[in-house]
Amino acid sequence: MKSDRELPSYYRERHAKRTKVQATASIRHGDWYSVEVRIRDVSQRGFMAECADPVGIGSYVALDVPGIGAVRAQVRWQIGGRMGGMFLDPISLSRCEWTAVKTTPPSGAA
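The structure contained in this document is the topic of the report that follows. The structure presented is a predicted model; accordingly, all values stated were derived computationally and were not measured. (Residues numbered from 1 in each chain as written. Predicted model: local features only at pLDDT ≥ 70, side-chain atom pairs only at ≥ 80, totals over all residues. Heavy atoms only, no water.)

Some thoughts on the pairing of strand E6 (residues 82-87)
Regular strands place side chains that alternate from one sheet face to the opposite one. Filter applied, for reference: Note: two strands are recorded as paired if DSSP finds a minimum of 2 bridges between them. Each helix is a run of DSSP H or I of at least 4 residues and each strand a run of E of at least 2, with the numbering of both proceeding from the N terminus.
Two elements, strand E3 (residues 46-50) and E6, share five bridges in a ladder whose sense is antiparallel. Paired with Ala-49 across the two strands is Met-83, which belongs to E6. Here strand E5 (residues 69-79) pairs with E6 via six bridges, running antiparallel. Opposite Gln-74, over in E6, you have Met-86 as the bridge partner.

And the structure:
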């Protein structure tokens, strides 16, 4: 079997850990359009979403990520109602409200 370095980029294994998500978000393409999507997983490097409307493969979009804000991404694939995007700059999952660990304040805290 060939190593990852010998395979074309579209066949390489993905190494970023994905976190399952159940959330809605908005994807914007400049001033051209805004589409609501259902986010299904996210990693530091990208996301997978369900989307009723087609979004052009190769399009540069901004995904509204709670806790971070608008994150620029490129749409890498779309099959049926699912799509995948790659963030142009990796995000911090600890800042992302979809994946951040929720804590309760200590008892007695005001």
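There's more to say after this.
Some words on the sheet that holds E5
As a reminder of what qualifies: To get an axis, fit a line to the C-alpha atoms, keeping to the stretch in contact for a helix; angles then go from 0 to 180 degrees between the N-to-C directions.
Around the barrel, six strands lie side by side as E1-E2-E3-E6-E5-E4; this closed barrel has antiparallel pairing. The mean angle between the axes of side-by-side strands here comes to 45°, regardless of whether they run parallel or antiparallel. Where strand E2 (residues 33-42) and E3 come together, four bridges link them in antiparallel fashion. Paired with Val-42 across the bridge in E3 is Phe-47.

Thoughts on the side chain of Ser-59
Selection rule: Pairs of N or O atoms within 3.5 Å make up the polar contacts considered here, provided that, within protein, one atom can donate a hydrogen while the other can accept it, and that residues adjacent in sequence are counted only when both atoms are side-chain atoms. It only takes one pair of heavy atoms within 4.5 Å for two residues to be counted as in contact.
Note that Ser-59 resides in the loop between E3 and strand E4 (60-65). Within the local environment of Ser-59, its side chain forms a polar contact with the backbone oxygen of Gly-56, the two atoms lying 2.7 Å apart. Contact partners of Ser-59, with chain neighbours within four places excluded, come to His-29, Tyr-33, Ala-73, Gln-74 and Val-75.

Looking at the nonpolar core
To be explicit about the condition: We call a set of buried residues a nonpolar core when its members are Ala, Val, Leu, Ile, Met, Phe, Trp, Tyr or Cys and they connect through side-chain atoms within 4.5 Å of each other. Burial classification: accessible surface area is computed with a 1.4 Å probe over protein chains only, and a residue below 20% of its type maximum counts as buried, one above 50% as exposed, and the rest as partly exposed.
Among the nonpolar cores identified, the biggest contains 24 residues, and Val-37, Ile-39, Phe-47, Leu-63, Met-83, Phe-87 and Trp-98 are the most heavily contacted of them. Aside from chain neighbours lying at most four places away, what touches Met-83 is Ile-27, Val-37, Phe-47, Met-48, Ala-49, Cys-51, Val-55, Val-75, Trp-77 and Gln-78.

Considerations on the pairing of E4
One ladder, built from two bridges, connects strand E1 (residues 19-29) with E4; its direction is antiparallel. Paired with Arg-28 across the two strands is Ala-62, which belongs to E4. Relative to E5, E4 is paired through six bridges, and the arrangement is antiparallel. When the bridges of E5 are listed, Tyr-60 appears paired with Gln-74.

As for the pattern of salt bridges
Applied cut-off: What makes a salt bridge here is a side-chain nitrogen of Lys or Arg within 4 Å of a carboxyl oxygen of Asp or Glu, nothing more.
Following the criterion strictly, the structure yields four salt bridges and no others. Close ionic contact of Arg-38 with Glu-50 constitutes a salt bridge, the shortest N to O distance being 3.2 Å. Within this pair, whereas Arg-38 is found in strand E2, its partner Glu-50 is found in strand E3, the two being separated by twelve residues in sequence. Looking at Arg-38, the relative accessible area reads 43%, which means it is partly exposed. Here Glu-50 falls in the buried class, since its relative accessible area comes to 16%. For Glu-50, the salt bridge is made with Arg-40, and the minimal N-O distance between the two is 3.2 Å. Of this pair, Glu-50 sits in strand E3 while Arg-40 sits in strand E2; the two residues are ten residues apart in sequence, bridging distant segments of the chain.

Points about the side chain of Asp-41
For clarity, the cut-off: Only four residue types enter the tally: Lys and Arg on the positive side, Asp and Glu on the negative side, with His and both chain ends excluded.
Position of Asp-41 relative to the elements: it lies in strand E2. The side chain of Asp-41 sits in the buried core without any salt bridge; Arg-18 is the nearest counter-charge, 4.2 Å away. Discounting chain neighbours no more than four positions away, the residues touching Asp-41 are Arg-18, Thr-19, Lys-20, Val-21, Phe-47 and Met-48.

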